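Remarks on the overall topology
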Amino acid sequence: MLFARGLSQISRRSINRYQWLCPQQQQFHHSNHFPSPIDASHKVLGCRVIHSWVSNALSGIGQQIHHQSTAVAEEQVDPFSLVADELSLLTNRLRSMVVAEVPKLASAAEYFFKMGVEGKRFRPTVLLLMATALNAPVLRPQVDVDSLSRDLRTRQQCIAEITEMIHVASLLHDDVLDDADTRRGIGSLNFVMGNKLAVLAGDFLLSRACVALASLKNTEVVSLLATVVEHLVTGEIMQMTTSSDERCSMEYYMQKTYYKTASLISNSCKAIALLAGHTAEVSMLAFDYGKNLGLAFQLIDDVLDFTGTSATLGKGSLSDIRHGIVTAPILYAMEEFPQLRTVVDRGFDDPVNVEIALDYLGKSRGIQRTRELARKHANLASAAVDALPESDDEDVQRSRRALVELTQRVITRTK
């Protein structure tokens, strides 16, 4: 077993070295080409035990491996608990940042920042973990941290706050476009206060994000997050104005998914690295982690839209298909049953067409293949973390394990 483990480690280091020497620029600007995920397979050789004394040795080794496995299990961390205190401070700052002079606007802007409906703050959690994983010290009152490190951490926290404001603004605008009536288990803002106020609240959050972004005085980071807003708009337009061929194209779907979901987290992760002064190679590894985590997250979202319930999702199930949005499970089902294309082209205004599409989906491997694709992207995200420069710092190692743990939580979640 140790032999197999040793080969696995050697193979893993070789892949990391290859990725380090040949970093792939996978950021999408205006290209419509979406690179296919990289599949890696490893073959482990075995060996035959001949002498009886080897069996005794292996028995001792087995006990050693058992103890090591137990230690590894004990070292597993909860990503959200790891940054809980810092996240609480960040959440309070967010609430203060969205205060407006006009009471109605203030009430609308803070709608999803109020206690109990703020969500798990997934994106800020990722960014705070990434900051530590890249060797930025965690701010603790009891620890004396030099002023430069403290300033860096504060600036990286600002990126997390900006990212969350951009994210919530996009939710407010999306709910208006989708005519949604629920979000996070409560009435959506447009449903409660009307479309106009919801749009203006989203605009207000974007303006607050811009002010915070300008305070960083880093033109490269400003450019990155300005591009994110452009991508959010581009992705929404791509979804609204698809041709028949584009609507049935997996490549087009993945490009749109990157713009609408993965661009925000990938570019924010890259911004975290840039603020810390890391090289282009390390910054791209941070970007790759965020990109693949974001894609995996959205692919599982697409699965849950078919398999989840309104209670677990906090919004209506079958939301996408009822709005005429074709996602990965249906695209994969269409590959197995080409006749489904006719149904997709007719649209889903008629509930009968929805039922026909769901019937084909049930007979296909669409759900399974979408989960497999999400798993591939989760593995690519983990590989990006593994390829980061080595560090002996315990906080760094713990945060990197947490980032890898997040990839697994994303693909196994039920809501």
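This text goes with the structure placed above it.
Throughout, residues of each chain are indexed from 1 in the direction in which the sequence is written. Where totals are concerned, whole chains, interfaces and linings use all residues; where local detail is concerned, this predicted model gives features only for residues with pLDDT of at least 70, and gives and counts side-chain atom pairs only at 80 or more. Derived side-chain values reflect all non-hydrogen atoms in the structure, with water molecules and hydrogen atoms excluded from consideration.

Overview of the overall build of the protein chain
- The way it works is that DSSP assigns letters per residue, a run of H or I at least four long becomes a helix, a run of E at least two long becomes a strand, and they are numbered from the N terminus. Helix and strand counts for the protein chain stand at 20 helices and 2 strands.
- Note on contacts: a residue pair qualifies if any of its non-hydrogen atoms lie within 4.5 Å across the two residues. Put simply, 76% of the contacts in the protein chain that link residues at least 6 apart link residues at least 24 apart.
- Only the protein chains shown count as covering a residue, and every accessible area follows the Shrake-Rupley method with a 1.4 Å probe. With the model as given, the accessible surface of the protein chain reaches about 20,900 Å², and the carbon-plus-sulfur share is 54%.

Description of the pattern of salt bridges
- By convention in these notes, a salt bridge is any Lys or Arg side-chain nitrogen within 4 Å of a carboxyl oxygen on Asp or Glu. As enumerated under the stated definition, the model contains 15 salt bridges in all.
- Note that Arg369 and Glu335 form a salt bridge whose closest N and O atoms lie 3.1 Å from each other. Here Glu335 lies in helix 16 (residues 328-336) and Arg369 lies in helix 19 (residues 366-386), a separation of 34 residues in the sequence.
- For Arg369, a relative accessible area of 22% corresponds to the partly exposed category.
- Note on exposure labels: buried denotes an accessible area under 20% of the residue type's maximum, exposed denotes more than 50%, and partly exposed covers the range between, all computed with a 1.4 Å probe on protein chains only. Glu335 sits in the partly exposed class, given a relative accessible area of 49%.
- Of the charged contacts in the structure, one is a salt bridge between Arg398 and Glu394, with a shortest N-O distance of 3.9 Å. A residue pair is termed a helical-turn pair when its members lie 3 or 4 positions apart in one helix, as Arg398 and Glu394 do in helix 20 (residues 394-412) at 4 residues.
- Of the residues examined, Arg398 reaches a relative accessible area of 25% and is grouped as partly exposed.
- In this structure Glu394 comes out as exposed when scored by relative accessible area, which is 58%.
- One salt-bridge network, held together by shared partners, links Asp78, Glu405 and Arg409.

Thoughts on a nonpolar patch on the surface
- A cluster of nonpolar side chains, namely Leu177, Val233, Ile237 and Met240, defines an oily patch on the protein surface of about 390 Å² accessible area.
- With 3 residues, the single largest contributor to the nonpolar patch is helix 10 (residues 219-240).
- According to the relative accessible area criterion, Leu177 is partly exposed, its value standing at 48%. Like-charged residues are merged into a patch within 9 Å and nonpolar side chains (Val, Leu, Ile, Met, Phe, Trp, Tyr) within 5 Å, provided each residue has over 30% relative accessible area and no salt bridge.

Here we look at the packing of helix 6 (residues 122-133) against helix 20
- Lines fitted to the C-alpha atoms define the axes, with helices restricted to the stretch that makes contact. Angles between their N-to-C directions range from 0 to 180 degrees. Put simply, helix 6 and helix 20 touch, their axes get as near as 8 Å, and they point 145° apart. Viewed along their axes, helix 6 and helix 20 form a crossing whose handedness is left-handed. Two secondary-structure elements touch here, helix 6 through Phe122, Val126, Leu129, Met130, Thr132 and Ala133 and helix 20 through Asp395, Val396, Ser399, Arg400, Ala402, Leu403, Leu406 and Val410.
- Throughout this entry, Asp, Glu, Lys and Arg are counted as charged residues, while Ala, Val, Leu, Ile, Met, Phe, Trp, Tyr, Cys and Pro are counted as nonpolar. The remaining residues, Gly among them, count as polar. Its residues assigned to classes, the contact of helix 6 with helix 20 shows 10 nonpolar, 2 polar and 2 charged. Throughout, a crossing is termed right-handed when the near helix is turned clockwise from the far one, and left-handed when it is turned anticlockwise from it by less than a right angle.

Observations regarding empty space enclosed by the protein
- Lining residues are those with an atom within 4 Å of a point, where the points come from a 1 Å grid over the protein atoms alone and group into cavities, where a 1.4 Å probe fits but cannot get out, or pockets, open sets with protein on both sides within 12 Å along at least five of seven lines. Grid points are joined across faces, edges and corners, and a volume is the space filled by probe spheres set on the points. In total, this model carries 1 cavity of 30 Å³ or more according to the counting rule given.
- Computed from the structure, the largest cavity encloses a volume of approximately 50 Å³.
- Contributions of two or more residues to the lining of the largest cavity are made by helix 6, helix 12 (250-275) and helix 13 (280-307).
- Sorting elements by how many residues they give to the lining of the largest cavity places helix 13 first, with 3 residues.
- Split into classes, the residues belonging to the lining of the largest cavity amount to 4 nonpolar, 2 polar and 1 charged.

Some details on helix 13
- The terminal C-alpha atoms of helix 13 lie 40 Å apart, and with 28 residues this matches the ideal 40 Å at 1.5 Å per residue to within 8%.
- Along helix 13, 24 of the 28 residues are buried, which leaves the element largely enclosed by surrounding structure. Here the expected span of a helix is defined as 1.5 Å times the quantity of residues minus one.

Quick notes on unusual backbone geometry
- In this model, Asp179 sits at a positive phi of 55°, which is unusual for a non-glycine residue.
- Checked against the element boundaries, Asp179 lands in the loop between helix 7 (147-178) and strand 1 (182-183).
- Positive phi, normally seen in glycine, also occurs at Lys217, with a value near 55°.
- With respect to the helices and strands, the residue Lys217 is situated in the loop between helix 9 (195-215) and helix 10.

A closer look at the nonpolar core
- Here, nonpolar core means buried Ala, Val, Leu, Ile, Met, Phe, Trp, Tyr and Cys residues that are tied together by side-chain atoms lying within 4.5 Å of each other. If you look at the biggest cluster of nonpolar residues, it comprises 111 residues, and the most contacted ones within it are Val126, Ile159, Ile162, Val221, Tyr289, Ile330 and Leu340.
- The leading source of residues in this core is helix 12, at 15 residues.
- For Val221, the residues in contact, after removing those within four places along its chain, are Ile159, Leu213, Leu216, Ala271, Leu274 and Leu275.

Details of helix 12
- With 26 residues, helix 12 ought to run about 38 Å at 1.5 Å a step, and its terminal C-alpha atoms sit 35 Å apart, in line with that.
- What we call the bend at a residue is the angle made by axes fitted to the seven residues finishing there and the seven residues starting there. Where helix 12 bends most, the angle comes to about 65°, and this point is Ala262.
- By the criterion of burial, helix 12 is predominantly enclosed, with 24 of the 26 residues buried.
- Any pair of N or O atoms that falls within 3.5 Å is considered a polar contact. Within protein, one atom must be able to donate a hydrogen and the other to accept it, and sequence-neighbouring residues count only if both atoms are side-chain atoms. Where helix 12 begins, the capping side chain belongs to Ser249, and its oxygen is found 3.3 Å from the backbone nitrogen of Glu251.

Some details on the packing of helix 13 against helix 20
- For the pair helix 13 and helix 20, the least separation of the axes is 8 Å and the interaxial angle reads 20°. Viewed along their axes, helix 13 and helix 20 adopt a mutual orientation that is roughly parallel. In terms of crossing hand, the pair formed by helix 13 and helix 20 is left-handed. Taken together, the residues of helix 20 that come into contact with helix 13 (itself represented by Tyr289, Leu293, Ala296, Phe297 and Ile300) are Leu403, Leu406, Thr407, Val410 and Ile411.
- Within the contact of helix 13 with helix 20, the residues separate by chemical class into 9 nonpolar, 1 polar and no charged. Relative orientations are named as follows: roughly parallel for angles under 35 degrees, roughly antiparallel for angles over 145 degrees, roughly perpendicular for angles from 65 to 115 degrees, and oblique for any other angle.

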